[in-house]
Amino acid sequence: MNIPVQNLPGPGATDEIAELAGQYLLLPEREALTRIDAEIARATDESRWDDLSKWHRVRFRLIRLHQIAAR
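As the structure is a prediction and not an experimental result, all values here were calculated from the model.

With respect to the nonpolar core
Phase 1 of the analysis: Core analysis: the biggest nonpolar cluster contains 12 residues, these being Ile 17, Leu 20, Tyr 24, Ala 32, Leu 33, Ile 36, Ile 40, Ala 43, Leu 52, Trp 55, Val 58 and Leu 62.
Phase 2 of the analysis: Broken down by secondary-structure element, the contributors of at least two residues to this core are helix H1 (16–25), helix H2 (29–45) and helix H3 (49–70).
Phase 3 of the analysis: Apart from residues lying up to four places away in sequence, Ile 36 is in contact with Tyr 24, Trp 55, Val 58, Arg 59 and Leu 62.

Shown next, in the form of structure tokens:
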């Protein structure tokens, strides 16, 4: 059975989602999510679907990092 796998960055490449989530992790949680939600709204308004997907992934990664930190 073939399971599709996301394209992962190669050696030496940066993970943009992890980088952005890490930057937003430095902010208070509510402020970080508000800023990300604003990016999502802008991307939606401007029909930038790749950016919309990126910001949703950043939001989910940030939420996950907060859940891990709370343990």
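Overview of the environment of Asp 51
Phase 1 of the analysis: Within the secondary structure, Asp 51 is located in helix H3.
Phase 2 of the analysis: The exposure class of Asp 51 is partly exposed, given its relative accessible area of 22%.
Phase 3 of the analysis: Along the backbone, Asp 51 and Ile 40 are 11 residues apart, and their C-alpha atoms lie at a distance of 7.8 Å.

With respect to H1
Phase 1 of the analysis: Of the positions making up H1, those classed as buried are Ile 17, Leu 20, Ala 21 and Tyr 24. Down the axis of H1, the smallest arc covering the buried residues is 100°, so these residues share one side.
Phase 2 of the analysis: In this fold, the buried residues of H1 make contact with H2 and H3.
Phase 3 of the analysis: The backbone nitrogen of Ile 17 has a side-chain oxygen 3.2 Å away, supplied by the residue at the start of H1, namely Asp 15.

A closer look at the packing of aromatic side chains
Phase 1 of the analysis: One pass over the structure, following the stated rule, counts one aromatic pair.
Phase 2 of the analysis: Taking the centre distance of 5.9 Å and the plane angle of 90° together, the rings of Tyr 24 and Trp 55 count as edge-to-face. Taken together, the residues span a long stretch of sequence, with Tyr 24 in helix H1 and Trp 55 in helix H3 at a distance of 31 residues.
Phase 3 of the analysis: Overall, Trp 55 belongs to the buried group, its relative accessible area being 8%.

Concerning the pattern of salt bridges
Phase 1 of the analysis: Tallied over the entire structure, the rule returns eight salt bridges.
Phase 2 of the analysis: The salt bridge partner of Glu 31 is Arg 35, with a shortest N-O separation of 2.7 Å. Note that Glu 31 and Arg 35 are positioned in helix H2 at a spacing of four residues, about one turn of the helix.
Phase 3 of the analysis: Look at Glu 31 and you get partly exposed, because its relative accessible area is 33%.
Phase 4 of the analysis: A relative accessible area of 42% places Arg 35 in the partly exposed class.
Phase 5 of the analysis: Across the pair Arg 42 and Glu 39 runs a salt bridge whose closest N-O atoms are separated by 3.1 Å.

Quick notes on the rules
Residues numbered from 1 in each chain as written. Predicted model: local features only at pLDDT ≥ 70, side-chain atom pairs only at ≥ 80, totals over all residues. Heavy atoms only, no water. Core = buried A, V, L, I, M, F, W, Y, C linked by side-chain atoms within 4.5 Å. Buried < 20%, exposed > 50% of the residue type's maximum accessible area, 1.4 Å probe, protein only. Helix = DSSP H or I, 4+ residues; strand = E, 2+ residues; numbered from the N terminus. Contact = heavy atoms within 4.5 Å. Arc of directions from axis to C-beta. Polar contact = N/O pair within 3.5 Å; in protein donor to acceptor, adjacent residues only side chain to side chain. Phe/Tyr/Trp six-rings, centres within 6.5 Å; stacked < 30°, edge-to-face > 60°. Salt bridge = Lys/Arg side-chain N within 4 Å of Asp/Glu carboxyl O.

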